[in-house]
Structures are given as C-alpha cells and as structure tokens.
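# Topology and contacts: notes
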There are 4 protein chains.
Amino acid sequence: MLSQSIKISVVGASGYSGAELLKILLRHKHAHIEKLFANSSAGKRVDTVYPYFTKRVDATYEPYSLDAACTSDVVFIALPSGEAMNIVPELLARGKRIIDFGGDFRLRDASAYPKFYKREHTSANLLSQAVYGLPEWNREKIESAKLVANPGCYPTSATLPIIPLLKEGLTESKGIAISSLSGVSGAGRSASADLSFTEVNESVKAYKVGVHQHIPEINQTIGDATGQQVSVTFVPHLLPITRGIYTSIYATLKHTTTEEEVFAAYTKFYTKEPFVRFSPTTIPEIKNVNYTNYIDIGFRLYPENNQLIVLSAIDNLVKGAAGQAVQNMNLMFGFDETEGLL
Amino acid sequence: MLSQSIKISVVGASGYSGAELLKILLRHKHAHIEKLFANSSAGKRVDTVYPYFTKRVDATYEPYSLDAACTSDVVFIALPSGEAMNIVPELLARGKRIIDFGGDFRLRDASAYPKFYKREHTSANLLSQAVYGLPEWNREKIESAKLVANPGCYPTSATLPIIPLLKEGLTESKGIAISSLSGVSGAGRSASADLSFTEVNESVKAYKVGVHQHIPEINQTIGDATGQQVSVTFVPHLLPITRGIYTSIYATLKHTTTEEEVFAAYTKFYTKEPFVRFSPTTIPEIKNVNYTNYIDIGFRLYPENNQLIVLSAIDNLVKGAAGQAVQNMNLMFGFDETEGLL
Amino acid sequence: MLSQSIKISVVGASGYSGAELLKILLRHKHAHIEKLFANSSAGKRVDTVYPYFTKRVDATYEPYSLDAACTSDVVFIALPSGEAMNIVPELLARGKRIIDFGGDFRLRDASAYPKFYKREHTSANLLSQAVYGLPEWNREKIESAKLVANPGCYPTSATLPIIPLLKEGLTESKGIAISSLSGVSGAGRSASADLSFTEVNESVKAYKVGVHQHIPEINQTIGDATGQQVSVTFVPHLLPITRGIYTSIYATLKHTTTEEEVFAAYTKFYTKEPFVRFSPTTIPEIKNVNYTNYIDIGFRLYPENNQLIVLSAIDNLVKGAAGQAVQNMNLMFGFDETEGLL
Amino acid sequence: MLSQSIKISVVGASGYSGAELLKILLRHKHAHIEKLFANSSAGKRVDTVYPYFTKRVDATYEPYSLDAACTSDVVFIALPSGEAMNIVPELLARGKRIIDFGGDFRLRDASAYPKFYKREHTSANLLSQAVYGLPEWNREKIESAKLVANPGCYPTSATLPIIPLLKEGLTESKGIAISSLSGVSGAGRSASADLSFTEVNESVKAYKVGVHQHIPEINQTIGDATGQQVSVTFVPHLLPITRGIYTSIYATLKHTTTEEEVFAAYTKFYTKEPFVRFSPTTIPEIKNVNYTNYIDIGFRLYPENNQLIVLSAIDNLVKGAAGQAVQNMNLMFGFDETEGLL
C-alpha cells in the first residue's frame, strides 16, 4: 500500500482542526480526500467557509452518512468530544479504521467521563480497544489499530517531556506541577462572547483549574508509559495568540542531577523521533514550532530547590491535533511517518 | 448647578460603551450615578459582569423602567441602534435630557433609516429637535439641547479633520475618499463567530463597503458645518486591536497650497478646542489617543497629485462614544467641558 | 502638608515607568512636577518623545543635575537598575526623600547584587536604611522613610498572594512554585531585536529561569513579612501583550483546608487594603486590572494533590511600578493613600 | 533541466525574507541549497539563529564570497536595498542568474534612486537588463532573464489589482488612491525602538506619506503593463500584525460599469494565473492568504461617487517576497510555476 493513495473522509471537517487536517492532507502524497462531512456547514463549498482554500479545494461539505463514510479507508473524526462515541461503533462494525480527534476514546476508565466530560459514555465497551495515538510511545500499537484516540493538545505538550524523566528515575512521580498556556484556536470555532477578540486580547486568565478534562488523560498516559502512578497538578491558561501551547513543568529531582543527565534522558528516548526536538541550551518558543508538527523541549535545573524546570512548545492544531493525526495515519497505513508533515 | 451633582441614569449600561461611560463618570466631580439599566444583565452586580469595577462600583443592573429612569436629570442611552427610538419619546415627554449613543437620532432625513439602518424610524417627528453632539461645531445648540445624538465613532474621526479644509476652501468638496480602520470593541459586546479572537487576530478586512450607516452621517455633518454638499467614499476596515480608530483621508486641493496654510486652517478652528490636537509634523498614532478624549490630526501634502492626505486617530470608546457623551453632558449642564475627561 | 502641593522630580523620566508616573501625577491633587530628568532625551520636549502628552505636559526633559533635583521635596528614580546607586547618596545627603523604581536598594544583602544584578553595589552602606515599599506590609516604615525601594513587578504580584497563606499556616513554606507571565513593557523602552514586534508576537517563551533578579527579592519579602524562610521556584515568561503580569502559584497545603479558610486568610489581612481585591469565585484576568493600581487575587484548592493554586494579576506599570510608587509617596507625605490612583 | 536539482545560494540569508525563502525551498523538489551567506550571522548555525529550522537545516551561515556564490546556478539576494548593486555586477560577469529581493534593480530610471532610496546607483548601466519579476505580466521575459528584480510587497499588492482595470478601460488612470496596511515583518529583522512590541502593539500609524520608495515602482509597473502613465497617491500604514499586506484602492470609473464587468476584467487576465484569486462576492482578508503565495482580490462599486473600490491581500513574505522569488526561479529554470508554492 506504500505507494498508493488511500481514501479519506473527515467528519466534522469545518472546525479548526478539520481545516488544519485538510491543509496537511493537500501536501500528502498518498491522501485522496473522499468526503468532508460537516452538518452545520452542509451544502456549503469549502472555499466559502474557508476562503483560504479557494483554488485548492473543490469540494462541498456534506451531512454525515454512514454509507458515504464507508467508501473511505480511514475516517478522521474532528467532532467536539461526546459526539464521536455515537458514530464510532457503526464505523468499526463496517471495518473502517478511525482516528478520533476528541476525548471520547482516550480514557480507559469509563467512570472518568461523567466526572470530567460531564456525560456518560455510550460506547464504553469500545474503550479497551482504542489505542492512544501518541506515536513516540505507542508506535507499534498504532500501526495495527482500528481505532486511534488522537491525544489532546495539552497532554501532548506535557507527557512527552515528563515521561523520559520518570523512566530514567530523575524526578519524583509525586508533586509534578504543570502550567500550560494555550492559544485561542484550541477552543474551537464557535460564537462565544468569552472568546471574542475584545475579551481575550491584551489579557490572560487561568481556567478550569483542577477540573480540566485533560488531567486524567495526562495521568493515564504517563502511567502507561512509565508504570508509575502520577497525579499531576495542571493549570491551563488562555492567551491572546491564535495558535500554540506553551507548557512549563515543575518536577522534583530524586537526587542531585546534572543538565547532561537530563539531556541524556531525552536523547535516549527521542533522538530518533522525527518530531521531537530537545536542547540543553535553547529555551522553547511557540514561534519555533507554529505551523509544524514538532514539539520543542528545553529544561533548566533549579538546584537550590531540588527542582527541574522543563519547558515545551507545540502548535495546538498540528502536533496537538491534525498533524499528530496524520502521523498516526502514516503509521497505520505504512507510509513514511513524516509524509505530509515536513 | 455648576458645583452640585447631577443624577445620571444609563440605559444599556452593560455594553462596552456603557462600561466606558461608567469609568469616566467615576472620575467626574459632579456625577451621581442613579440607575444602571441593562435588560440582559438585569439582576447582576456590575462587578460580576465587569470585575474591573470591583471595589469601585457597588451597584446592580436593573431592567429598564421609565419611572426609575425619570428620577435622573439626564439619561444616557447606550443601546444598539434601533432601540432608543422606542424610549426617547416617553423620556422627552417626562422632561428628561437625553444623550443617545446610537444612530437613531443622528440623521435628519427619516428616509435614510430604512436604507442604512434597515428599519423604519418610529419617532421620526423627533428627528428635527435632536442636536448632533459634536461639540467643536455644535457647542451652543448642545448647551440647550433636550436630546443629543452622540456622534458615531467613524464620523467623529472623519468630520473633524475634513470640515476646516472645506471651510477654508483648501480642498474640493468632491472626491473625498476615507479609509478608516477600527478596533474590535467598536462592534460591541456580543457572541459572534466573526468577531472571535481566532477569526480577527493577525488579519484585516474591509467591510460594509459603500453601505455603512455612517456614510450619510458623515455627509450630513460636513454639510451642516460647511454649507457644502459632500458625498464621501468611505471604506471601513476591521483591525486586530481592541480600541482605536485610524482614519486616512484623501482630498483634492483646490489650488497650490502649503502645509503652513493647512496648519493655519486647523489653528483657526481648533486652537482653543480642548480635545483636538493637530500638528504640522507629527503623524497620529492610535496609541497616543487611546484611553483619552483627544482626536489627533496630522497631514501631508502630496503635491505631484494635487492631493492632501489627512490622518486622524481617536479612541472609539472615548472620543468616539462615552467621552464625547460626557463632553456633551458637561456642556448641557454648565460644567467645565473637560471635567472627568483629563 | 495634607492639602498643599509637593514638588516632585523624576530621574529617568522618559522610560515607560517614568511616563506612566507622569500620567498618574497629572491626576494627583497635591503633585507639582518640578523637573523631568532624562539624559538620553535631554533637550526634547516631553510631547515630542510621547505625543500622548500633547496639550497635557508643557515641559522639556533635562540632563540630571543634583542641584536641580534638590529643588524638589521628593525624587523618583526611574532608571535602569545599577544607576540609582550612584546618585542616591548625594540626594540623601541633601535631605531629599527618594522613591527608587529599580532594584538597587531592594535587597539588604549586598552580596546578592553581584550574583543577580551582575555588579558590585557601590553604596552598600545605605542598604540598611532603605525601606521596601510594599504598603500592605510596610506601611508604617514607608511613612517615615527617606529612601523607599519600590518593589519589582513580579515580586508585587507574587508576594502579596503568598504572605497571608504562610502567616495563617495554611501552606508549607517549602516547595512554592511561581509561574509568571509578563507583558513586554516590563522590559523597558529600548531598541532590542529580541523585543521587536515580529519576534514577540504570536509566541511565548520562558527566560532567566532560576537566575532572575527578582528571586531573592521575593524570598526576602516573604521572609520579612512572615518570619519564615522561603526559597521559591520562579519562572518568568514573556507574553505578546503590552501590559500586565499574571502569576500562578503552586503551594502545598499544610493540612486539609477549605476554600472558606483561604478566603478568610485574605480577608484578615487585606479587607481594608485599598488596592488588594480577592475573591473566592472570580479568577483574575489581566484586563480587569490593567490601567489600575489593583492586584486581583483568586484561588482554587486542588485537594487530590494537597495543593492550593493561587492566581494574581496586576498592571506591571501601575501596581508593579509607577502606581505603587505614588501609593508610597502618598504615605510618605500624609496624603490619602489612594490619591491619584482611582 | 526539468527534473534535476539546481544549486542555489542565498545572500543575506538570515533576514526574514531569507528565512522564508529557505522554508519554501525545503519543500521544492528541484532545489539544492548550496550556500547561505549572511555576514552578520556568519559562523552561526542556521538553527541557532532560527531554532525553527532545527532538524530541518544542517547548515552554517557564511560570509559572502564571490567564488563561493559562483558554485551555484542561481543566486538569491535578500539584502537591504542598496547592497545588491555592489555584488550584482560581479555575479553577472560570472554568468550567474540572479533574483534580487531588494529595490536596487526595480526602477529603470537611475535618477529615481537618489530621490527615493537616498543614494546614487553604482551600477546604473545594468538597470536596462533587469527584468521586473511580476510573473503575471512579465512571464516570458522572466523565463530568459539573467537578473530578476523581485517586486516589492506593496507594489505586488497594488499593481496586480489595478492593471486589468486600466487595460480594460474601466477606470481612469488619474486619481488612483492606495491605502496599504502592512505587518511588521515587512520592516525586516533588526533592533529598532520604533518596531518594538510595546511601540507597535495596539496602535496604527501612517508613515513615509508621499515619499515611500515603492511609489515610483508602482507607477512604472502599471505604466509598463498598460501603456498608461499613472501617478498614484500611496499611503502605507504599519499594523500590529506579523505578516500580511492589505491594500484598498480607490479608482474613478470612466463610465457606468457593473460588477460583472469588473469581474470579467479580472477573469480575462487572471483566470489562468495560478496565484491570483478574485471574487465578485468575497472581500479579501489577510488570514486567507497568509503563509501562501496567493493574492486575493475583491471589489465593490461605489456608484453614487462614480468610484470603484478594489481590495487585495497578500502575505508580504511570500507573494510579497520569497514566494514570488521562487515563482520567478521556477519560470527561469523551466520548472512547474507552482513548484514548492502549494
């Protein structure tokens, strides 16, 4: 299958991450876009909703239909959390491979959904077969997965920097604090007075402190990769930028450590990773990763307090959503992992 | 009345210009805020809707009622255009003095409302008694007015620079082109996908080209002040800034003119104006006027094309709305014209 | 002296905090601005450097001279850190009262200067008589001080929220992590490629991790107020906004605590403070404090991790610099503490 | 040559447009980057100056040398205006093909350089052989050119919309007014207090009114394409966005015209152009073209004033600089014109 095209459908194609996905797929050698489903924009041409795509995409959003979706090899679901669980069962039953951008299949523990997503899971029986699509730690499982739960933007930015530290025994699993700053596109495309330019511009606020739905996802992902149970303290903030997540992590050193040892930990796990960049000297900045699929990781020891500060930056719409989804697709279909992403 | 307080009510107090008005009145020596009406926020404390006012304003928004409004000496109406016309008649009948922020009483020609505001005027009989609240050109009438139509933000930024040129015969009345750039707060406080941070940030667009409701207002105001009939070409643009309007005016010189003559024209009319600043050398910038009631005016001759370029900057919420409204109130009640505004 | 004017000079008057000071003093009943010293802008009119002040300030920057400064009752020094130490001795010798915006007299331990400010202190003998100008915790000393060291912007945003928690025994003194986000005006007014719009916009970066000069200031201030020795972990970040600091604090609870108890701690110490606002429900946002002298404090328990998250917001140029300096001046001269600041 | 790689050098490779060029060339099938010259950054790795390129570009900036440059097939010059004229003669003498981003070879009239660029031209003899690199109007000449003068960003945004109107006789050649708004990256990468974030953010200003060096370029380009002599009135403004140019054009109709006729004019000339998009309904917005090589053109009749308003948007670093340069390279070397640009 390596040199042929695969047929792709996108459900929820008119949101920001759906549009970003489309942008990436246009540069992908093996992608044939079959159907773009978007109920709210059904009947509208893509270049009417996003004039950005004029002359690039000659297509019209359609209302979702199972049969139409099943003409594809793979279905991306870019719906708000809570909606994928209603269509994934029927798509799986028809043998489709699925990559879901939302949170519906990320948590294995069904009881976490009422608590963090404020709804019961209607397809809890499928949670066990979903593969969490973090390629750096789940590559083999992703390759053969039927249903990939694409990671959240915050969890991607937080778990990739933390996992090597715990695996190498450099930092304590207890007492990890994470301060994350997100651009506004992460909140999706909808009318909301709170997200109007005038409300967001020239300001900053923390939100959903202690109750954000990405908390259990971060804990589960770190736990899976390291075998260590963690309960991170996570505080997200909304920033007046369009794209990008910046994450600052405070971890307690297990014992006296040098910056060389920290660098060695990242080297051990990530030196061959195509989309992880880390440096012993350069502090990450959002502008260095925006419009790319990279995560940049930097760090500083804070020896007087026995602390290690780790900093990361990603583009929330690329490595935090559509780019990582394509990376997963590449793995699932045996393409070069970086195809469409450089 | 000069040294006493007057009682003030605001209808539509929870929008951006209502909030800006409140901010200005807090610094005004003679202002006693009696009632804050806001139907959508009725029952909410002001500092809940705007935490900015915590510890400053101990008040609750109320639903509008005529009797409650009539306990005041002056009623500011900061409603969307089309709503003031429904309550102005009853307030006038009760002898209240009114300053209306919207467009309902700015145009004398009732037939312009269906065309530009997309609705019939329901109180057209009152249009003739409304005074257009541009203090620099209507000061005396404002002093004795019962009903002041506070000017629009774009018209304020455009008419003040143009009028002296026409009065002094420096430029033609024909062929004036106006390119205006506005911050997003001018669009008011509401949920709109088009005004979300992600849609507006890092972009610019023109809008309502040739159909903006401020076109007839600009033409009428210039006509009133100069006796010359004009039909300006006006193009508004939306910018990713919160506050401020920048207006660039292209006018044709009547004859060879020097920059000294242009400066003399502004000097003649504006040298004693407390809120008009003009300079033969400094080009206006929005940052120099934001959070002030000033309009800054600059200009450059473009002699090879027989053109004069005039540039102006105002804060759309202050000189373009609440500040000018307070300037009008000061005139109406015999206070120092700058009270609360420096 | 309460109802008379005092004569004021500003050294370093052409920087951002000098300009903000001027803006505040224009609204201050008892302020007579005597001299504005600015070596780099000497000979230029204030309204040439800052057209914002056109029609408001009719003055020219002068080169600093001791004799000229000594015609004033109080001298504000708004120079970059490292320069005040050269002129404070002569001013004190002439009996002038001084408020220094920079870091030169904030740390009592002279050995901290080479480490954090990269220079020896040339007037270390005066460190012991400087009073740290945090009114909420040093009001009495400030009233009689000759030399006030105005606090840094980050320390103001961090120490005010932390001190009550430690004094009430709610949180551990060990393991406090502080993530602070600053607008760009905090970096001062100068030509720097790193601070150009294109470099800063749509990005975020951490900087000076573990080596920022405000670290010892935060530790000293908390120590002085609480008697508890602390060593905070502090990470500052640069944001694409002009003004404002947002600080997120992670502290470990000493024992099970309710949000009511946290609220009670702030109430105990700050309920009468004119510029401290705190709430058990509202999360601070920069837009609520910008252009004001307030600090807003909010908090959330994170009980599963035994953590308390505290959030604060200030305007770095007002409560973080010029506003707090005027608050100090008001205390030193017996004026109403809020004069010029509301 | 169609399927092979060409060797490329870039002089001035460390500026913003040099970096953007590098980004585009990384996606170009036939581009082999040979040398990156940058005197100020010589000796530094590309990914040190631009961490964005980490893992993508393994190269070091070198000081310019003629011999080193001559190992390439084509030399891009991305130096500030005034510097290319010193090296172009020697490169041409060695038979190299050159694409110059700056203004040095755009104007045929040598006497315009002292007036608009404030310097004498030192290689005026070469002006006649330079080809102005606007592919839509000079495609054939570009294909065989030795020296291509890549158009300025403002002229690209203004001439492409205007030329068809004049060629079709829809608008007068006299009295064209152009209001252009530019992002800050257009000013290049350098330390300047005027371009610092704090100075630019939340503001707008016009600049170089009537004296901007792009005025003669706009006039010459329109004249060349239409045979009509024009003298446009051009006012550039600086906006707080990183990328993008928005241009609003005011033209006088020759006779009553319909929007269909305007659309037909654009269709006639641009329907086959790969990078020109135009619409009878959609108003351009910068966000639709940023990070692309497209120009978007929209328009509205303003019949009461006999005016046509035309609006355009480009990315100043792509269609306004590096993208158009690659489009020119594609033409010069017989590649698909869109290679690397979609």
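### Overview of the domain arrangement of chain A
All names here are of chain A. Assigned domains of chain A: these are domain 1 (6-151 + 320-333) and domain 2 (153-316). With centres defined by C-alpha atoms, the gap from domain 1 to domain 2 works out at 24 Å. The interface is formed by 22 residues belonging to domain 1 together with 34 residues belonging to domain 2. Each partner contributes to the roughly 2,300 Å² buried at the junction of domain 1 and domain 2, and carbon and sulfur atoms together form 52% of this total. For the interface between domain 1 and domain 2, the tally reads four salt bridges.

### Comments concerning the relation of the copies chain C and chain B
Of the two same-sequence chains, chain C is brought onto chain B (RMSD 0.0 Å, axial shift 0.0 Å) by a rotation of 180 degrees. In the structure described here, the two chain copies are related by an operation that fits a two-fold rotation axis. Every residue of chain C has its C-alpha some distance from the rotation axis, and the shortest such distance is that of Glu202 of chain C, at 4.4 Å. Interface overlap between copies is the fraction of interface residues in one copy that are interface residues in the other; for chain C against chain B it reaches 100%, indicating a shared surface.

### Thoughts on the relation of the copies chain D and chain B
Under the fitted operation, chain D is carried onto chain B by 0.0 Å of movement along the axis and a turn of 180 degrees, and the coordinates agree to an RMSD of 0.0 Å. When the interface residues of chain D are mapped onto chain B, 100% of them again lie at the interface, so the same face is used by both copies.

### Some thoughts on the pattern of salt bridges
Across all of its chains, the model carries 64 salt bridges over all chains by this definition. Here Arg139 of chain B makes a salt bridge to Glu273 of chain B, at a shortest N to O gap of 2.6 Å. Here Arg139 of chain B, found in helix H6 (residues 135-143), pairs with Glu273 of chain B, found in the loop between helix H10 (259-270) and strand S11 (276-278); they are 134 residues apart in sequence, far enough to count as distant. A residue is classified by how much of its surface remains accessible, and Glu273 of chain B, at 7% relative accessible area, is buried. Where Arg243 of chain D meets Asp315 of chain D, a salt bridge forms, and the shortest distance between an N and an O atom there is 2.9 Å. Taken together, the residues Arg243 of chain D in the loop between strand S9 (233-238) and strand S10 (245-252) and Asp315 of chain D in the loop between strand S13 (307-314) and helix H12 (318-332) connect sequence positions 72 residues apart.

### Examining the packing of helix H6 (residues 135-143) of chain C against helix H11 (residues 318-332) of chain C
All names here are of chain C. For the pair H6 and H11, the least separation of the axes is 9 Å and the interaxial angle reads 40 degrees. Taken together, the axes of H6 and H11 lie oblique to each other. The interaxial crossing formed by H6 with H11 has right-handed handedness. Counted together, Pro135, Glu136, Arg139, Ile142 and Glu143 of H6 and Lys319, Gln324, Gln327, Asn328, Leu331 and Met332 of H11 form the full contact between these two elements. When the residues that make up the contact of H6 with H11 are grouped by side-chain class, the tally is four nonpolar, three polar and four charged.

### Thoughts on the interface of chain D and chain B
Contacts between the two partners involve 40 residues from chain D, matched on the other side by 40 residues from chain B. Interface area, chain D with chain B, both sides summed: about 3,300 Å², of which 55% is carbon and sulfur. Its largest share of buried area at the contact with chain B, chain D owes to Glu202, Tyr250 and Tyr302 of chain D, together 19% of the area lost on that side. On inspection of chain D and its partner chain B, the count reaches two salt bridges.

### Concerning the interface of chain C and chain B
Taken together, the contacts link 23 residues of chain C with 23 residues of chain B. Approximately 1,900 Å² of surface area, both sides summed, lies buried where chain C meets chain B, with 48% of it carried by carbon and sulfur atoms. When the buried surface of chain C facing chain B is broken down by residue, Arg27, Tyr52 and Lys55 of chain C rank first, second and third, together holding 31% of it. For the pair chain C and chain B, the interface holds zero salt bridges. Each residue belonging to the side of chain C that touches chain B can be placed in one class, and the counts come to nine nonpolar, seven polar and seven charged.

What counts as what
- Residues numbered from 1 in each chain as written.
- Chains lettered and ligands numbered in written order.
- Predicted model: local features only at pLDDT ≥ 70, side-chain atom pairs only at ≥ 80, totals over all residues.
- Heavy atoms only, no water.
- Domains from an automatic or database assignment.
- Contact = heavy atoms within 4.5 Å.
- Buried area = accessible area lost by both parts, 1.4 Å probe.
- Salt bridge = Lys/Arg side-chain N within 4 Å of Asp/Glu carboxyl O.
- Least-squares fit on C-alpha atoms with pLDDT ≥ 70 in both.
- Helix = DSSP H or I, 4+ residues; strand = E, 2+ residues; numbered from the N terminus.
- Buried < 20%, exposed > 50% of the residue type's maximum accessible area, 1.4 Å probe, protein only.
- Axes fitted to C-alpha atoms, helices over the stretch in contact; angles between N-to-C directions.
- Parallel < 35°, antiparallel > 145°, perpendicular 65-115°, else oblique.
- Left-handed = near helix turned anticlockwise from the far one by under 90°.
- Nonpolar A, V, L, I, M, F, W, Y, C, P; charged D, E, K, R; others polar.

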